[in-house]
Amino acid sequence: MEPQSHFLLPHSASSELSDSSPESMTSVTLGRAISSLLSPRPKKLHDAVSRLSPLPLTSTGPASVSGSLDDSLRFLLHYLNDAARRNEPLDEILIPMLDNSLKNKDSKHGGQAMVVLNWLFQDGFVFEAIAMALVRVISTKDDRFVVLGWCTFVRAVLEYESSVTQFPMNGIKERYPDLLKILASCIPHLSVVLHKGSTLQDGYELPSRLAVCAADCFLALSEALIRKAKVPSNKAKLSDSKAQKRPVTLVALDGGDKKAKPAPESLDASNMELDYILWDHLEEVLGLVQKLLAWSRKSRPLHAKGLEQVLKWLHEIKGHYRNVKAEAGSKVIKTGILLLSSCWKHYGMLMHLEDQKFSQHYKELLDQYLAGIQFYAGHTENKDGSSETIKFFLNCLCLLLGRFDSKKFESVVSEYGMRISQVLVPQLHSAADDVIDGVVCIFKALIFKQKSPGSSLTDTGEVDAVLPLLIHLLDERDGTARAVVLLIAEYCLMSRDSQCLKEVIERLASENVQQRRNAVDVIAEVIHMSSDSKYVHTQLSWHNIAKHLIVLLEDEETAIREQASSLLPLIDPSLVLPALVNLIYSGDERLQSTASDACVVVLKYHSENAEVICMLLDCLSNLSQNVNRDTGSKLESDRVLRLIPEWSKSVQSWNFLIEPLIDKMFAEPSNANIVRFLSHISEHLAEAADVVLSCVLMHAKRRKEMDDSSFSRLECQTDKSEDSEKMQQTLFEHLCPLLVIKMLPLRVFNNLDSTIMYGQLSNQGIVHDCQDINAINQDTVTALLLKRTFCEFEFNDVRKLAAELCGRIHPQVLIPIICSQLEYAAGSQDIIKIKACLFSVCTSLVVRGRESLFHPGMLKIRKTLETMLLWPSLDGDEVSRAQHGCIDCMALMICAELQDPESSNIVGTKKNHSGAALRNSVLLYVINQLTQDKDLPVSESNLDDVKCTSEVPVPLSFYLCMANVLISACQKISDSGKKLFARRSLPRLIRAVEVITKSEIRAACTQVLFSAVYHLKSTILPYSMDLLNVSLKALQKGSEKERMAGAKLMGSLMASDDAIIHSISGGLVEARSVLSSISLTDPSPELRQVSKKLLACLTS
């Protein structure tokens, strides 16, 4: 483009300036000229521009910058033409103009740069140079102040019609379309600037000053692209009741086959390119709205809601139109462009972060949007189009109302509040969720007047007028009710008056199911919102809410019961658990089940909170005491405790729960519910065994040990209630640590490397001499158990439980210690310690079987047992009782010996101990001891090289003890060992009866055979006929005791299963003859009576 000659300086001036002035001089002169142009008032500058007339190139004298505005303007124009020809940068001109624009942004005396730029833009060549130079500034300059000035200046140029200067801007107006096309290339740069201008504070993004200016400049550019593409039209406003045409008509975007409605605004073909520019930058527009949304979330929630909907709409446009495979200019693309342009005209205007002119026309816009909603709400011929258009106006309302600060918003609400309510309430019945959502957000803002969440409402006059309408909407179960639920819930939270919440709670008891369900939804939202930290100041009647939710567990509607149950965990457990525990014991089975499920949900929600579990135990204890006091019966605690395994599955870490639970048990040692509770989580306690045992040891150390005097005082206490309670309390305190240990599974005792369980005991090998238990490291569980077992001053119940628990100790540690303790106790005939040792050994044999039996120290224990069985005793005395313990102990040895090796959990048991089992068989040893029929001294008895020191004959009582061992073994043997027991014992006993000379021993053997038939069942089948013969011989030739034992043996055989009856059928004839004779002639009345009964069985 050729420069216009009438704007150039004279040729002579140009030559002088270029030939005689150095480059630095030109720069100084240019700076002086720019300064002189940006200093005066805009009116004075405009007058100078107006006076400047076209001059021929040769009509003036030498050029000089005398300080006049005219000379400065001529010099600037010449410099720009010259720099444009040489393609030189214009930073020295533009940067001062940008700085001037930034400094005078809000000043009434600014706008000098606009006046100069408008004058320069009349020259097309200069316009193009300046426009391109502006683009280079934003794309190359990193100085944030330069970019800030650029954004401010460019926005002012784009909004020249509303510029602070009131002078004609014809130059800018004429070049405006070309300017837009050039500046459109800056959109990506503006997008980068605003995306970099965020800071994160309290989880929210906040924009910098530069980002705000960049966003507003972006919006101004996008608005200008749309505004210049339109053909001016005198369309009527929506607020005009005579308007017959719709200015904006939208289409639903979810139907690909739907046609766009023609809008009255059409695109000018000559300016079509401008609309395509914004369309091509749709991604940057999406990014802009995303940033505006992020910046508005904290302080402008209603505005943010509008932005959120706009963003959703833009994504819909992108997905619907941008994916259409059609050439540019097609009808579908034009429809998308038209839709974007029509809506963005309003959206872009309402999104500005800084807009001084907004307050001048917000009322006009508000009237227009409300009128638009009313207009389209009354036209139902195109429901989809009307719904989309109503959504557009609602979005505009959200953006418009959301821009106001709290003071201005209250002013607007006071003026327009009732009208807005009247227009929007009918829209709550819309079928479109987005419409309802938008209306609810606006109502939320109207009710709470832009108050921050958590603050309270003081002036509720306007709310009181709207609230009855909203409450009434809870009568139906529809989308409207779901939307209103949120409004009412938040009002309940923020209102100082609890009247609204009371009305909602009253609806929980309504006979209308829909009303009850909606009321529960409100309560649910209240509860969920109250958990947010922003509502920490809210005062709600939680007790009342909890009480009514508990009542809803009885509701006939399953959905209501389930929702109420799901809400209970969110309320303070102290308000919920007592009522739930009571309901679990209700007589209504359905209510029991519902309450149980709700209780589990509450416990799972607080799975890591030990206080809640302790609270549950307290509720159970309190209820137990009340029931016991009122009815005298005991409460079935398992109804509640059976829920514990389900709760325990939700616990992620037991370490935080164990210590408080153990502390509670020690604080309430007599509370049986705690013990039962812990038993339900024993496997989980085992996973944190070290923590459990550490707590137990810590509490055990705190307890003061009893001495002779304190123990005597407890024993001598009277029956007075206070003395009895004190003794019971002391007893439970001693039992408490043992009860906790008892709950742990056996595998906890298997770890020999456990320091807290065994200390260094597992590394000392077999302990040969451990008479002094106090010599053992006292910081171990083993030491605690042994001390409780063998302490001289201890309750019998405590000693017995401790001895039982000692039986769980690993045999490698236990057997040597017990062997030593039992030997010393036998030597001093300390019956208490003997019983404790026997109880420990018996328990060890029961829980560990062959593992304990085949420990080398068990042979010595067996020798000690034999020694004690040789002691003289009387029925019922302490020695006799100890001997009964020895009998049971040896019987359990037999059971362990006959244990199936395959079922043993000891590695290598079958391979390593099968030979030892035969060589040192307890069963064979006992049978031999029973069946030897000689009055030999004890020293010649077969004890597998274990010699006794006494030389007196073996007393008869010893044989009877051996018989009792076998009888006890028959009673205790497991099913898997019965067959082996019968095979090893019965043949030997049957043969022995034939040769034993002492009738007492024969009677004892027969009694053993009777027990074998009775307990071993079908496993005696191979020996059944022999056993019948033994019984017949005993009945015919034996002593009275033999005859009675023989009768019992025969009776047991006759009561056996069919296979055994069939096996002995050949001898039943003789049996009948013998029984008939005895029933008539035997001197014993008892035996005659037994024989008659047996005879009756045979003849029936």
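Calculation criteria
Residues numbered from 1 in each chain as written. Predicted model: local features only at pLDDT ≥ 70, side-chain atom pairs only at ≥ 80, totals over all residues. Heavy atoms only, no water. Helix = DSSP H or I, 4+ residues; strand = E, 2+ residues; numbered from the N terminus. Areas by Shrake-Rupley, 256 points an atom, 1.4 Å probe, with all protein chains shown as cover. pLDDT = per-residue confidence, 0-100. Contact = heavy atoms within 4.5 Å. Core = buried A, V, L, I, M, F, W, Y, C linked by side-chain atoms within 4.5 Å. Buried < 20%, exposed > 50% of the residue type's maximum accessible area, 1.4 Å probe, protein only. Arc of directions from axis to C-beta. Pairing = 2+ DSSP bridges. Disulfide = S-S within 2.5 Å. Phe/Tyr/Trp six-rings, centres within 6.5 Å; stacked < 30°, edge-to-face > 60°. Salt bridge = Lys/Arg side-chain N within 4 Å of Asp/Glu carboxyl O. Axes fitted to C-alpha atoms, helices over the stretch in contact; angles between N-to-C directions. Parallel < 35°, antiparallel > 145°, perpendicular 65-115°, else oblique. Left-handed = near helix turned anticlockwise from the far one by under 90°. Nonpolar A, V, L, I, M, F, W, Y, C, P; charged D, E, K, R; others polar.

## Some words on the overall build of the protein
No. 1: Across its full length, the protein holds 54 helices and two strands.
No. 2: Summed over its atoms, the accessible surface of the protein is roughly 50300 Å², and 50% of this surface lies on carbon and sulfur atoms.

## Observations concerning the confidence of the model for the protein
Caution is warranted with low-pLDDT regions, since their predicted coordinates should not be read in detail.
No. 1: For the protein, the average pLDDT comes to 81, and 80% of its residues sit at 70 or higher.
No. 2: The low-confidence segment residues 452–458, where pLDDT is below 50, has 18 contacts with residues more than four positions distant or belonging to other chains.

## Let's talk about the nonpolar core
No. 1: Grouped together as the largest cluster of nonpolar side chains are 365 residues, with contacts concentrated most on Trp 150 and Trp 344.
No. 2: In this structure Trp 344 touches Leu 219, Ser 222, Glu 223, Ile 226, Leu 278, Val 285, Val 289, Val 310, Leu 314, Met 349 and Met 351, once residues within four positions along its chain are discounted.

## Notes on helix α24 (residues 542–552)
No. 1: Where α24 is concerned, the buried positions are Ile 545, Ala 546, Leu 549, Ile 550 and Leu 552. Summarising the axial view, the buried residues of α24 lie within an arc of 155°, below the 170-degree limit, and thus occupy one face.
No. 2: Among the structural elements, α22 (499–507), α23 (513–530), α25 (558–567) and α26 (573–584) are those in contact with the buried residues of α24.

## Describing the environment of Cys 895
No. 1: With respect to the element layout, Cys 895 can be found in helix α44 (residues 878–897).
No. 2: In the structure, Cys 895 is positioned 86 residues away from Phe 981 in sequence and 8.7 Å away in space, judged by C-alpha atoms.

## Observations regarding the pairing of strand β2 (residues 204–207)
No. 1: In this structure, strand β1 (residues 198–201) lies alongside β2, joined through four bridges in antiparallel fashion. Across the sheet, the residue bridging to Gln 201 is Tyr 204, located in β2.
No. 2: In this structure, the hairpin formed by β1 and β2 is closed by a connection of two residues, where Asp 202 is found at a positive phi of approximately 55°.

## Let's talk about unusual backbone geometry
No. 1: The backbone phi angle of Asp 202 is positive, close to 55°, even though this residue is not glycine.
No. 2: For Asp 202, the position within the fold is in the loop between β1 and β2.
No. 3: For Asp 202, a relative accessible area of 63% translates into the label exposed.
No. 4: In this structure, Gln 829 is a non-glycine residue whose phi angle is positive, near 50°.
No. 5: A relative accessible area of 43% places Gln 829 in the partly exposed class.

## Considering the state of the cysteines
No. 1: Tallying each qualifying case throughout the model produces zero disulfides.
No. 2: Free of any disulfide, Cys 151 has its nearest neighbouring cysteine sulfur in Cys 217, separated by 4.8 Å.
No. 3: Residue classification places Cys 151 among the buried positions, given a relative accessible area of 1%.

## A look at the packing of aromatic side chains
No. 1: In this structure the tally under the stated criterion is 14 aromatic pairs.
No. 2: On the basis of an interplanar angle of 45° and a centroid distance of 6.2 Å, the ring pair of Tyr 369 and Phe 393 is categorised as tilted. Separated by 24 residues along the polypeptide, Tyr 369 in helix α16 (residues 358–377) and Phe 393 in helix α17 (residues 383–401) bring together distant segments of the chain. Summarising the burial analysis for this pair, Tyr 369 and Phe 393 share the class buried.

## Thoughts on the side chain of Ser 607
No. 1: Inspection of the secondary structure puts Ser 607 in the loop between α27 (589–605) and α28 (610–631).
No. 2: Excluding residues within four positions of it along the chain, Ser 607 makes contact with Trp 647, Ser 650, Val 651 and Leu 657.

## Things to note about the pattern of salt bridges
When the charged atoms of two side chains lie near each other, side chains of opposite charge can form a pair.
No. 1: Counted under the stated rule, the structure contains 40 salt bridges.
No. 2: With a shortest N-O distance of 2.8 Å, Arg 507 and Asp 475 are connected by a salt bridge. Taken together, the residues Arg 507 in helix α22 and Asp 475 in the loop between α20 (461–472) and α21 (479–494) connect sequence positions 32 residues apart. When sorted by exposure, Arg 507 lands in the same class as Asp 475, which is buried.
No. 3: Of the charged contacts in the structure, one is a salt bridge between Arg 516 and Glu 556, with a shortest N-O distance of 3.9 Å. Of this pair, Arg 516 sits in helix α23 while Glu 556 is found in the loop between α24 and α25, placing the two residues 40 residues apart along the sequence.
No. 4: For Arg 516, a relative accessible area of 6% gives the class buried.
No. 5: Judged by its relative accessible area of 58%, Glu 556 is exposed.
No. 6: Through salt bridges with shared partners, a single ionic network connects Lys 312, Glu 388, Lys 391 and Asp 434.

## Some words on the packing of helix α31 (residues 655–667) against helix α32 (residues 672–680)
No. 1: Direction vectors running N to C along α31 and α32 enclose 150°, while the axes themselves pass 9 Å from each other. Here α31 lies roughly antiparallel to α32, going by the angle between them. Along this stretch, α31 crosses α32, giving a crossing that reads as left-handed. Facing α31, whose interface residues are Leu 661, Lys 664 and Met 665, α32 presents Ile 674, Val 675, Phe 677 and Leu 678.
No. 2: Its residues placed into classes, the contact of α31 with α32 shows six nonpolar, no polar and one charged.

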